[in-house]
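# Structure at a glance
What follows is the residue order along each chain.
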Amino acid sequence: MSTKLIQQVRPLRGDPVDVLIEDGVITRIADTIVLQDVEVIDARGLIGLPGLVDLHTHLREPGREDAETIETGSRAAALGGYTAVHAMANTDPVADTAGVVEQVYNTGRQIGLVDVIPVGAVTVGLKGERLAELGAMADSAARVRMFSDDGMCVGDPGLMRRALEYVKAFDGVIAQHAEDSRLTVGAQMNESELSGRLGLTGWPAVAEESIIARDCLLAEHVGSRLHICHLSTAGSVEIVRWAKSRGVDVTAEVTPHHLLLTEELVATYDPLYKVNPPLRRGTDVDALRGALRDGTIDIVATDHAPHAVEDKECEWAYARPGMLGLQQALSIAILTLSDESGAVDWQRVAEVTSIRPARIARLDDHGIGFVEGAPANLTLVDPAQSTVVDPHALASKSHNTPYEGLEMPGRVMATLLRGEFTVRDGQAVK
Amino acid sequence: MKQHLLSAADLTRDEAVAVLDTAEQIEASLQGREVKKLPTLRGRTVVNLFFEDSTRTRISFELAAKRLSADVINFSAKGSSVSKGESLKDTALTLQAMGADAVVIRHGASGAPWQLASWVDGSVVNAGDGTHEHPTQALLDAFTMRKRTGRSMGQGLDGLRVTIVGDVLHSRVARSNVLLLETLGAEVTLVAPPTLLPVGVETWPCAHSYDLDAALPGADVVMMLRVQRERMNASYFPTEREYSRRYGLDAVRAATLEPAAIVMHPGPMNRGMEIAAEVADGPRSTIVEQVANGVSVRMAVLYLLLGGAA
C-alpha cells in the first residue's frame, strides 16, 4: 500500500494542513499529522489545487504523431498541472467510433501520466452530414460524455438539434466550435480595420456569435446541455450571459491565448499567432477576462494545438491554426484572476481550471481537491516562482508557442494522479 | 532607402520623391542611347522569385535589373522544387546560400515578403503579395501622375485629386497607392460598391464613396482597378452588367471628367467591364505609359536598395 503525507499545503481556503494519501485516496486532512515510515512531501508555501482538467486538448494521435503523441501531450499536461485532458476528435482517423475512442483512452491509461478522455465526434468524419454513433462511444470503455466536431462547426441546425437531443440519453454534452463557415470563407484573421490593411481575409465576430445564439436557442428548445468552445468575442460573452439569464443549460470556455493576446500580433505575419477562432481586439480580451471573473465564462480550456515546424514556418495563409497551451494555461488563469495588488483568487482559479470542467464533463474522480475520501488527483503550485517560456524546453513534441521569453507566474511543483506523482519538484516523473 | 521595399508605407516623402527623381534621371540618361544599359549593378545578383504568374511584372523587373547590368535569375514556382513541396523558408535559404543581393518576390499569400525578409540577408522587394500590397506599382503610378501633370523633379503630388475605382477589397494596387499617394500629398477617394471596400476603410488616409458619377467631375486622375473573374460569381455584386453600369468607365462617364484628367489602369484590363475600349485607348489613357514607366521606377528601386556599388 502506497502512503504519502503532504505537509503544510495551503488549500483553497483556510490555513495550511497536512494531507494523508493512502492507496491513491485522501484518507485524512488535519492541522498536523504525525506518522512514522511514510513518504513525506514538504509543501510549505505551496497552494493545493484539485488536479487541473482540460476540456479541449489536441493530442494528434492517431494520425499526426510527428506533431504530438498521447505520451508527449500527457507529459506536457502533467507539467501544466493537469490530471485529466479531453482529447479532441479531429484526429486521423477521426474519433467517431467506439474503436477509435477506446484506442485513445487505453493508450492514455497505459502511459499513466494523465487521464486521457476522448471527445467523440458529433458527425461521421466531422463532415456535418450525419450523426456518429454517439451512444456506442458513450457505452465504450472510454465512457465518452462530451462530443464535438471541433475544428469544424456543426452548421446544419437540424442536425445540431438532433445531436443535442440524442445525447440526453446518456447525460452527454455537445461542445460546439461556433463558426458559420459561410461567413468565414478564406478567413485568415479577425475581421477588422487591421485585416483590411494587412490584406488578409477577415473572420467576422458575427460568424461566431450567430451560431452561439442559434445553439443557445436550440439547447433551450430541446432542454439539453450545450458547451461553447473557445469564446473569442465580446458579443459572444453577451449572448452567453443572456442565455444563462434565460436558464439555458449552456457553459462556455475561453482559451489562455484569447485572454492574453490581441490581433495586433498578426501584423508580424508570424504564423505562431494564427489560431481559430482568431485573436481578437483588446476590447474583446477585456470582455473575456471580465466574463471569466464574473462566471459568465465557466472555464479556461487550452485548445492545445501542437503543429509540426513545417506547418508553422511557412506563409501565413498556408499555416495551420493553433498554438500550444497546456503548460501555460494555469499561469494565464492566475494572471487573469489576480487583482491589481497581485492577490490571486485561488478559489476561482480552481473553479475555472478544474472543478467546473470536471462537472461539465461528468468526471466523478476529478475536480474535487482536498476532501477526505476523494481520489488524490492534485496539483501543488508555488505562487512565488515563475517560469520564462522556452519553446524547446516544453514537453510537447511541437514548439509552436507564442509565449517565448514571457515570464509566467506560478510554477507547478507537483502533480499527483491517484496519489502517484506525475510531476515532482517541477519535473516530469517519467 | 531602407534595406527592403515591402510596403509603400516604408517610404518617407523624401524617399518616395527620391525614387521618382532617380527614375527620371535614369530615363534621361538612357535616352538616345543605342544600348539601353547602365553598368551600375554589375556583379550583383537579382533573383525574381515568382510564386504567382505575372508576366508583365516579372518582365518589368527583369528588364530593370538587366538594364542596370545585374545578373538576373528568374525563379518560377511552377516546375521548380517548390512544386515538389519545398517550403518558402527552404527556398530562401537556398537563395541566401547562392548569394542573392536582392530578391524580388511575387506571392499569392499576403505577408510572404515579410517572412522572406526575416530569412535572407539581401534586400527584398515586394512585387505583389496576395491582396495586400504592390509598392512598385504605386511608385510607377505616382511617377506617371507626376509626369502627366507636369510636375518636376523634387516635387510630390500635393493637391492632386485621385479617384481609385473598383475592387479595392482584393486590390494590392489600391492599398499601396493609398499609402504612397497620401505620403506624396495627393487626395485619394476610393469608389466601389460597399461589398468591395475593406472593413475599416474609414480609418484609411483617404475618402470613400459608393457613387462613381459623383466622384468623377472633381478628379485629376481616375484609376480603374481590374475586377477579377472569380469575384463575379461570389456575390460581391449581382451581375457583370450591373457592375459595369454602376462602376464601369465608359465614354459617357469619361466625358464628365475635367479636360486634363487622366485615366489609369494597372492592367490587365477587362475591356467592356470596368473600362470601355474607347476610354482605354483614348487620349486620357496612360495605360501604355504606365508599363514603360514601370521599368524606370523598378530600376530606381533596385539602384537605391543595392546602393549602386559593385
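Residues numbered from 1 in each chain as written. Chains lettered and ligands numbered in written order. Predicted model: local features only at pLDDT ≥ 70, side-chain atom pairs only at ≥ 80, totals over all residues. Heavy atoms only, no water.

When helices and strands are counted, chain A shows 11 helices and 19 strands. Here the C-alpha radius of gyration of chain A, 21 Å, is about what a compact globule of 430 residues would show, namely 22 Å. For chain A, buried positions account for 60% of its 430 residues. A separation threshold of at least 6 residues defines the contact pool for chain A, and within that pool the share at least 24 residues apart is 73%. When the accessible surface of chain A is summed, it comes to about 15600 Å², and 48% of that surface belongs to carbon and sulfur atoms. (Helix = DSSP H or I, 4+ residues; strand = E, 2+ residues; numbered from the N terminus. Rg over C-alpha atoms; globule rule 2.2 N^0.38 Å. Buried < 20%, exposed > 50% of the residue type's maximum accessible area, 1.4 Å probe, protein only. Contact = heavy atoms within 4.5 Å. Areas by Shrake-Rupley, 256 points an atom, 1.4 Å probe, with all protein chains shown as cover.)

Glancing now at helix α11 (residues 287-306) of chain B. Every α-helix winds through 3.6 residues per turn, so residues three or four apart in the chain are directed the same way. All names here are of chain B. The end-to-end C-alpha distance of α11, which contains 20 residues, comes to 29 Å, matching closely the 28 Å that a straight helix rising 1.5 Å per residue would cover. If you look at α11, its biggest bend is around 25 degrees, right at Asn293. Just downstream of α11 lies Gly307, where phi reads positive at about 75 degrees. (Expected span 1.5 Å × (residues − 1). Bend = angle between axes of the 7 residues up to and from the residue.)

This part is about the packing of aromatic side chains. The tally for this structure, following the rule as stated, stands at five aromatic pairs over all chains. Between Tyr243 of chain B and Tyr247 of chain B the ring centres are 5.6 Å apart and the planes differ by 35 degrees, which places this aromatic pair in the tilted class. Of the two residues, Tyr243 of chain B and Tyr247 of chain B both sit in helix α8 (residues 240-247), four residues apart, roughly one turn of that helix. For the pair Tyr243 of chain B and Tyr247 of chain B, a shared accessibility class is recorded, and that class is buried. Every member of this aromatic cluster is reached through a ring pair, and the members are Phe147, Tyr166 and Phe170 of chain A. (Phe/Tyr/Trp six-rings, centres within 6.5 Å; stacked < 30°, edge-to-face > 60°.)

This part takes up unusual backbone geometry. Working note: non-glycine residues mostly have negative phi, and peptide bonds are mostly trans. Here the amide bond leading from Asn276 of chain A into Pro277 of chain A is cis, since omega sits at 0 degrees, within 30 degrees of zero. Within the secondary structure layout, Pro277 of chain A lies in the loop between α8 (256-260) and α9 (282-294). Cis geometry marks the peptide bond from Gly267 of chain B to Pro268 of chain B, where omega comes out at -10 degrees. Tracing the sequence through the fold places Pro268 of chain B in the loop between β9 (262-264) and α10 (277-280). Phi at Asp37 of chain A takes a positive value of approximately 60 degrees, unusual for a residue other than glycine. With respect to the element layout, Asp37 of chain A can be found in the loop between β3 (25-30) and β4 (39-42). On the accessibility criterion, Asp37 of chain A (81% relative accessible area) is exposed.

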